[in-house]
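Descriptive structure summary
The chain contents come next:
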Amino acid sequence: MVKTVIISRVADGLPLAASMDDEESEDLTEYKNQAKSIFKKLSKAGTEQRCSIETGQYYFHYLIEYGICYLCLCERSYPKKLAFSFLEELQAEFQAKYGTEVGTVARPYAFVKFDTFIQKTKKQYKDARAQRNINRINEDLQDVTRIMTKNIQDVLGRGEHLDRMSTLSSTLSSESKKYLKDAKKLNWMAIYQKYGPLIAVALFIIIILYIRYKWF
């Protein structure tokens, strides 16, 4: 069954709506924090538009449409095809109601009222063995086997690795510029130490000769 739902804006990860009365008997805090970390990485180039992510005893499933990510956390045994059918229903309704407003909001959970539709749809998809849901699975022509499945550590770890590589690259670039600047400075100092006295003597002689021929 579907445990929780979060809808966010891809550009900045801002949560737009979520299911508010998740199973009180289960602590889903860890998974919700993982979801927030996933949202932070969705704006990067090459992000899959549909993906399943394995995390402990659950799976995250998400789809992205029109710059909005619809994500749900489901039990491992819950059919992937049913999970994406559920997300598609949320997407269609949310886009119809709030699609034109998404780009203008700045506060989190601006569309909290959408939870009413989330809860109603969750109940419909609660039992994967219900005849209605079996029909959904059989009628849905979408080939979910092509949807990539990843591990949560790979998703979060890769992002952290890329961030570290980016930071390291920036640091190396800064250090390289600093080294080049210091090298030029040292080079000029070496030239000055080597030829400075000769130049000073030459200038002194030129000045003396100039004064001598100018005034005498």
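Everything in this summary refers to the structure shown in the same document. This one's a predicted model, so the numbers in the text were calculated from it and none came from an experiment.

Thresholds, definitions, all that
- Residue positions are given per chain, counting from 1 as you read along its sequence in written order.
- Local features in this predicted model are restricted to residues whose pLDDT is 70 or higher, and side-chain atom pairs enter the listing and the counts only when it is 80 or higher, whereas totals over whole chains, interfaces and linings include all residues.
- The side-chain quantities take in all heavy atoms of the structure and omit both hydrogens and water.
- Note on conventions: DSSP H or I runs of at least 4 residues are helices, E runs of at least 2 residues are strands, and numbering of each starts at the N terminus.
- By this rule the span expected of a helix is its residue count minus one, scaled by 1.5 Å.
- Burial classification: accessible surface area is computed with a 1.4 Å probe over protein chains only, and a residue below 20% of its type maximum counts as buried, one above 50% as exposed, and the rest as partly exposed.
- Aromatic pairs are defined between Phe, Tyr and Trp rings, using the six-membered ring for Trp, whenever the two ring centres lie within 6.5 Å; interplanar angles under 30 degrees are classed as stacked, those over 60 as edge-to-face, and all others as tilted.
- Take a side-chain nitrogen of Lys or Arg and a carboxyl oxygen of Asp or Glu: if they are within 4 Å of each other, that pair is a salt bridge.

1. Here's the deal with helix α2 (residues 80–98)
Its 19 residues give α2 an end-to-end C-alpha distance of 26 Å, which sits within 8% of 27 Å, the value for a rise of 1.5 Å per residue. Every buried residue belonging to α2 is among Leu 82, Ala 83, Phe 84, Ser 85, Phe 86, Leu 87, Leu 90, Gln 91, Phe 94 and Tyr 98, and all of these are buried.

2. Some words on the packing of aromatic side chains
Within the structure shown, the criterion is met by 9 aromatic pairs. For the ring pair Tyr 70 and Phe 94, a centre distance of 6.0 Å and an interplane angle of 80° mean the geometry is edge-to-face. Taken together, the residues Tyr 70 in strand β5 (residues 68–75) and Phe 94 in helix α2 connect sequence positions 24 residues apart. Each member of the pair, Tyr 70 as well as Phe 94, is classed as buried.

3. Details of the pattern of salt bridges
Within the structure shown, the criterion is met by 5 salt bridges. A salt bridge links Glu 88 to Arg 50; the shortest N-O distance between them is 3.0 Å. Placement of Glu 88 in helix α2 and of Arg 50 in strand β3 (residues 50–55) is noted, with a sequence separation of 38 residues between them. Given the relative accessible area of 26%, Glu 88 is considered partly exposed. For Lys 97, the salt bridge goes to Glu 93, with nearest N and O atoms at 3.7 Å. With Lys 97 and Glu 93 both in helix α2, this residue pair falls 4 residues apart, about one helical turn.

In short, geometric facts, not functional conclusions.
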